[in-house]
Structure formats: C-alpha cells, structure tokens
Amino acid sequence: RPRDMNVHPTVMFFHGGGMVGGAKEGAAFAILPFLEKGWTVVNVEYRLAKISRAPASIEDGRCALRWV
C-alpha cells in the first residue's frame with residue numbers, strides 16, 4: 001500500500017512554566033531542531049492558572065490533541 005505523503009512525525013510542544021507562566025512564543029528556539037528534521041510541530045497555547053482555574057490548561061491540551 002502506498003505511503004501517504006501528507007503524514008509526518010509530529011511533536012506537540014507545551015512551553016514550560018508550570019502552568020503559571022511562560023508563553024508559546026518563547027519556544028521558537030526549542031522547536032527549531034524538530035523543524036530542521038522536517039517534523040511537524042504543534043506549539044500549544046494553553047490558559048495559565050492566573051487566567052483560568054484548573055483544569056483549563058489540561059482541557060486546552062486535550063483540545064489540541066484532538067485537533068492534531
């Protein structure tokens with residue numbers, strides 16, 4: 001069976017910060033090695049604890065996973 005050429009290794013990247021700080025924009029250098037290998041990177045933005053109560057950040061991650 002022919003391999004689907006639209007399928008690529010994919011990384012879901014969650015920036016650090018313990019769900020209380022940080023931003024996905026600060027992850028550019030961390031995801032570069034994956035991009036250089038031709039991988040697809042999904043840089044997930046999630047709600048921080050100071051904005052929304054738990055489990056909002058977990059729900060955001062699950063939504064991102066469903067989207068991928």
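Quick note: structure is the one above.
In this text the structure is predicted, and so the values were computed from the model without any measurement.

So, how was this worked out
Starting afresh in each chain, residues are numbered from 1 along the sequence in its written order. Thresholds applied to this predicted model are a pLDDT of at least 70 for local features of residues and 80 or more for the giving and counting of side-chain atom pairs; totals over whole chains, interfaces and linings are not thresholded and use all residues. Excluding hydrogens and water, the side-chain values take into account all heavy atoms of the structure. Type-normalised accessible area, obtained with a 1.4 Å probe on protein chains alone, sets the label of each residue: buried when under 20%, exposed when over 50%, and partly exposed for intermediate values. Strands here mean DSSP runs of E at least two residues long; helices mean DSSP runs of H or I at least four residues long; both are numbered from the N terminus. Here, the term right-handed applies to a crossover whose path from the first strand over the helix to the second runs clockwise when the strands point away from the viewer. Planes of paired rings set the category: under 30 degrees apart is stacked, over 60 is edge-to-face and the rest tilted, where pairs are Phe, Tyr or Trp rings (Trp by its six-membered ring) whose centres lie within 6.5 Å. Patch membership requires more than 30% relative accessible area and the absence of a salt bridge. Residues of like charge join within 9 Å; the nonpolar side chains Val, Leu, Ile, Met, Phe, Trp and Tyr join within 5 Å. Accessible areas in this description were obtained via Shrake-Rupley with a 1.4 Å probe; residue shielding takes into account the shown protein chains only. One side-chain nitrogen of Lys or Arg within 4 Å of one carboxyl oxygen of Asp or Glu is enough to make a salt bridge. Paired strands are those between which DSSP finds at least two bridges.

Trainee: Can you help me understand the pairing of strand E1 (residues 10-14) in this one?
Mentor: Along a regular strand, successive side chains alternate from one face of the sheet to the other. Going residue by residue along E1, you find Val 11 and Phe 13 tucked away on one face and Thr 10, Met 12 and Phe 14 left uncovered on the opposite face. Where the polypeptide runs from E1 across helix H1 (residues 28-36) and back to strand E2 (residues 40-44), its parallel neighbour, the crossover connection is right-handed.

Trainee: What am I meant to see in the packing of aromatic side chains here?
Mentor: Two descriptors summarise a pair of aromatic rings, namely the distance from one centre to the other and the angle between the planes of the rings. All chains considered together, the criterion is met by two aromatic pairs. Pairing Phe 14 with Tyr 46 gives two aromatic rings, centres 6.3 Å apart and planes at 40°, and the pair type is tilted. You can see Phe 14 sitting in strand E1 and its partner Tyr 46 sitting in the loop between E2 and helix H2 (56-67), a full 32 residues away along the chain. Looking at Phe 14, the relative accessible area reads 38%, which means it is partly exposed. Owing to a relative accessible area of 9%, Tyr 46 belongs among the buried residues under this scheme.

Trainee: I keep staring at a nonpolar patch on the surface and nothing clicks. Help me out?
Mentor: Together, Phe 29, Leu 32 and Leu 35 line one region of the surface with nonpolar side chains, adding up to about 330 Å² of accessible area. Classification of Phe 29 by relative accessible area gives exposed; the value is 72%.

Trainee: Please clarify how the pairing of E2 should be interpreted in this entry.
Mentor: Sheet topology places E1 next to E2; five bridges connect them, and they run parallel. Bridge pairing links Met 12 to Val 42 in E2.

Trainee: I tried to follow the pattern of salt bridges on my own but got confused; where do I start?
Mentor: Pairing is possible between side chains of opposite charge, provided their charged atoms come close. Overall, the coordinates contain two salt bridges when judged by the stated rule. Measuring nitrogen to oxygen at the nearest pair gives 3.7 Å for the salt bridge that ties Glu 59 to Arg 47. Note that Glu 59 is positioned in helix H2 and Arg 47 in the loop between E2 and H2, a separation of 12 residues in sequence. A relative accessible area of 35% means that Arg 47 is categorised as partly exposed. A salt bridge links Asp 60 to Arg 47; the shortest N-O distance between them is 2.9 Å. A residue pair is termed long-range when its members are at least 10 positions apart, and Asp 60 in helix H2 and Arg 47 in the loop between E2 and H2 qualify at 13 residues. Connected through shared salt-bridge partners, Arg 47, Glu 59 and Asp 60 make up one network.

Everything listed here is a matter of geometry and, on its own, says nothing about what the molecule does.
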